[in-house]
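Examining the three-dimensional arrangement
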Amino acid sequence: MKEKVGNFRWVVVALLFFATTINYLDRQVIGLLKPTLEKELNWSETDYSFIVMCFTASYAVGLLFFGKIIDQIGSKLGYTISIIIWSIAAMFHALAKTSFGFGAARAVLGLGEAGNFPAAIKSIAEWFPKKERAFATGIFNSGANIGAMVAPIMVPWLLGAYGWQEAFIITGAIGFIWLIFWWIFYEIPSKKKGVSQADLDYILEDDHVDNTPIAWKKLFTIPQTWVFIVGKFFTDPIWWFFLFWLPSYFSSTFSLDLKKPSIHLAVLFTCTSIGSIGGGYIPGWLMRKGWPVYKARKTAMLFFALLALPIISARWATDIWQAVILISIAASAHQAWSANIFTSVSDMFPKNAISSVVGIGGLAGSLGGVIFPYFIGIILDTYKANDNLSGGYNLIFLICGSAYLLAWLLIHFISPRMSPVGKPSKE
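The structure displayed is predicted, hence computed values, not measured ones.

1. Focus on the overall build of the protein chain
From N to C terminus, the protein chain includes 15 helices and 0 strands. Here the protein chain has a C-alpha radius of gyration of 21 Å; the compact-globule value for 427 residues is 22 Å, and the two agree. Referenced to the eigenvectors of the C-alpha coordinate spread, the extents of the protein chain come out at roughly 70 × 45 × 40 Å. The 427 residues of the protein chain split such that 59% are buried. Look at the contacts in the protein chain between residues 6 or more apart in sequence, and 84% of them connect residues 24 or more apart. Just so you have it, the protein chain exposes about 16800 Å², and 69% of that area is on carbon and sulfur atoms. Of note, the protein chain has its 33 positive side-chain charges centred 6 Å away from the centre of its 25 negative side-chain charges.

2. Focus: helix α1 (residues 8-41)
Between its first and last C-alpha, α1 extends 48 Å over 34 residues, near the 50 Å set by a 1.5 Å rise per residue. Of all the bends found along α1, the most pronounced is centred on lysine 34 and spans about 60°, while proline 35, a proline, follows it within four residues. Within α1, 24 of the 34 residues are buried, which leaves it mostly tucked inside the rest of the structure. Where α1 ends, the next residue or the one after it, asparagine 42, has phi of about 60°, a positive value.

3. Details of the environment of lysine 259
Note that lysine 259 resides in the loop between α10 (236-254) and α11 (263-288). For lysine 259, a relative accessible area of 55% corresponds to the exposed category. Taking the C-alpha atoms as reference points, lysine 259 and asparagine 145, 114 residues apart in sequence, are found 21 Å from one another. Excluding anything up to four places from it in sequence, lysine 259 contacts Thr36, Pro156 and Leu159.

4. Side note on the packing of aromatic side chains
For the coordinates displayed, the defined rule picks out 36 aromatic pairs. For the ring pair tyrosine 79 and tryptophan 178, a centre distance of 5.1 Å and an interplane angle of 55° mean the geometry is tilted. You can see tyrosine 79 sitting in helix α3 (residues 75-92) and its partner tryptophan 178 sitting in helix α7 (residues 164-185), a full 99 residues away along the chain. The pair tyrosine 79 / tryptophan 178 is uniform in exposure class, with both members buried. Over the ring of tyrosine 48 we find lysine 34, and its NZ or CZ is 5.0 Å from the ring centre. If you follow lysine 76 out to its NZ or CZ, it ends over the ring of tryptophan 183, 4.6 Å from the centre.

5. Thoughts on the side chain of glutamate 132
Within the secondary structure, glutamate 132 is located in helix α6 (residues 130-161). Assessed through its relative accessible area of 14%, glutamate 132 is described here as buried. In contact with glutamate 132, not counting residues within four places along its chain, are Arg9, Trp10 and Tyr202.

6. Section: unusual backbone geometry
Phi at serine 255 is positive, roughly 60°, even though this residue is not glycine. Here methionine 418, not a glycine, exhibits a phi torsion of approximately 45°, which is positive. Note on placement: methionine 418 falls in the segment after α15 (389-414). The class for methionine 418 is buried, based on a relative accessible area of 6%.

7. Observations regarding the packing of helix α9 (residues 223-233) against α15
Contact geometry for α9 and α15: axes closest at 9 Å, N-to-C directions at 175°. By the criterion of interaxial angle, the relationship of α9 to α15 is roughly antiparallel. Residues Pro223, Trp226, Val227, Val230 and Gly231 of α9 form the contact with α15, whose participating residues are Ala407, Leu410, Ile411 and Ile414. Its residues assigned to classes, the contact of α9 with α15 shows 8 nonpolar, 1 polar and no charged.

Cut-offs used in this document
- Sequence order as written defines residue numbering, which begins from 1 separately in each chain.
- Side-chain atom pairs in this predicted model are given and counted only at pLDDT of 80 or more, local residue features only at pLDDT of at least 70, and totals for whole chains, interfaces and linings cover all residues.
- Excluded from the side-chain calculation are hydrogens and water; included are all heavy atoms of the structure.
- Each helix corresponds to a stretch of at least 4 residues labelled H or I by DSSP, and each strand to a stretch of at least 2 residues labelled E; elements are numbered beginning at the N terminus.
- With C-alpha atoms as the basis for the radius of gyration, the globule rule is written as 2.2 Å multiplied by the number of residues raised to the power 0.38.
- The buried label applies to any residue whose accessible area, calculated with a 1.4 Å probe on protein chains only, is under 20% of its type's maximum; exposed applies above 50%, and partly exposed to all values in between.
- Pairs of residues are marked as contacts when any of their non-hydrogen atoms sit within 4.5 Å.
- Where accessible areas are quoted, they stem from the Shrake-Rupley method and a 1.4 Å probe; at the residue level, only the protein chains shown are allowed to cover.
- Positive charges come from Lys and Arg, negative ones from Asp and Glu, while His and the chain ends are left out of the count.
- Charged groups are reduced to one reference atom each: NZ for lysine, CZ for arginine, CG for aspartic acid, CD for glutamic acid.
- The span you would expect from a helix comes to 1.5 Å times its residue count less one.
- Two axes enter the bend calculation: one fitted to the seven residues ending at the residue in question, the other to the seven starting there, and the bend is the angle between them.
- Each aromatic pair joins two rings of Phe, Tyr and Trp (for Trp, the six-membered one) with centres within 6.5 Å, and gets the label stacked for planes under 30 degrees apart, edge-to-face for over 60, and tilted for any other angle.
- Cation placement over rings: the criterion is NZ of Lys or CZ of Arg within 6 Å of the ring centroid and within 35° of the ring normal.
- Comment: axis = line fitted to C-alpha atoms, over the contacting stretch for helices; angle = value between 0 and 180 degrees taken between N-to-C directions.
- Here is the rule for angles: anything less than 35 degrees is roughly parallel, anything more than 145 is roughly antiparallel, 65 through 115 is roughly perpendicular, and the remaining ranges are oblique.
- Classification convention: Asp, Glu, Lys, Arg as charged; Ala, Val, Leu, Ile, Met, Phe, Trp, Tyr, Cys, Pro as nonpolar; all other residues, Gly among them, as polar.

Put into structure tokens, the structure is as follows:
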């Protein structure tokens, strides 16, 4: 009788989901407290852009660091170090009194949070066969949306009940609770007690990528690395904008009171969870229909790129719910895109290089996340000076809607078939 394949790999997904939820809860807090801190500390839009840039710049450096280190020390220890750093940094925001102080706290937060995705993507590759990786990635990546969904409800409540300092302390402390479960339950399949040979055979059934070690510097000479770099550079900054500026956009354009729990933001980020999970499911479904991996992946990504375009029409929204619907579609498309661009790394690279490539591409995405907020600050301050702040957001929405299609076209030019590294290409 054939031995039954176990389901512990879905416990791994649950752990990654909650870590990602906490990751995004901690980074979202400042966006929700922005109106309060602007008044209390007299910030301008440019000051806030500086604080966001401190996070994204440090996040970029952290991705490069953690990507390389996690491939060396493993996902279990790497994740542990990451969440300790970011949880402490999140709590230390409560001590900041100036924009420089917040910038410093955000920089350390960015450094620590950078370990989340390199460790998570590597863990998925360790526990899942290729046909399930995008779906598993979509599930854990939906934690980003849940974190961003919980924050608009939790943070205003904490602000009203205790104050902004306590909001940072309480949300930051949650990471240490998760760490207990991670250290108890996680281990790679070959070392995990209770994992059968049937489990190992299932995980490795379609893993035919050459596992010859690749020198870190050589990764930059491989076209497949640039597929991921381009995919992240042009689209990650859009997500940063959704996280850090949407609360302010709804507040300034539609007079949303951010001192109260926001059902509008909760609905928006709930929709993105559907996008993340659905985005992971669609290419797997196409593969089960017999489509080649690269064709299923790229077709799904093209669909999601087109799905982001309607955000351009948000400029004509006359009430908040119209804007919520249009932005929800684009934000959901981003998360669906994200699930697939992350999974493309394990499609193309051996497991011993996955975290490094995720780190390199994440660096590119974060560099875009440094550049874009700089221009957002200039655009919004310029339009605000002319008493036309909504016009600034209209220009930004145009950029947001176009970024994914541009990224897809560049990816197709770089590597039409996204062939696994070491495998002869038929391109």
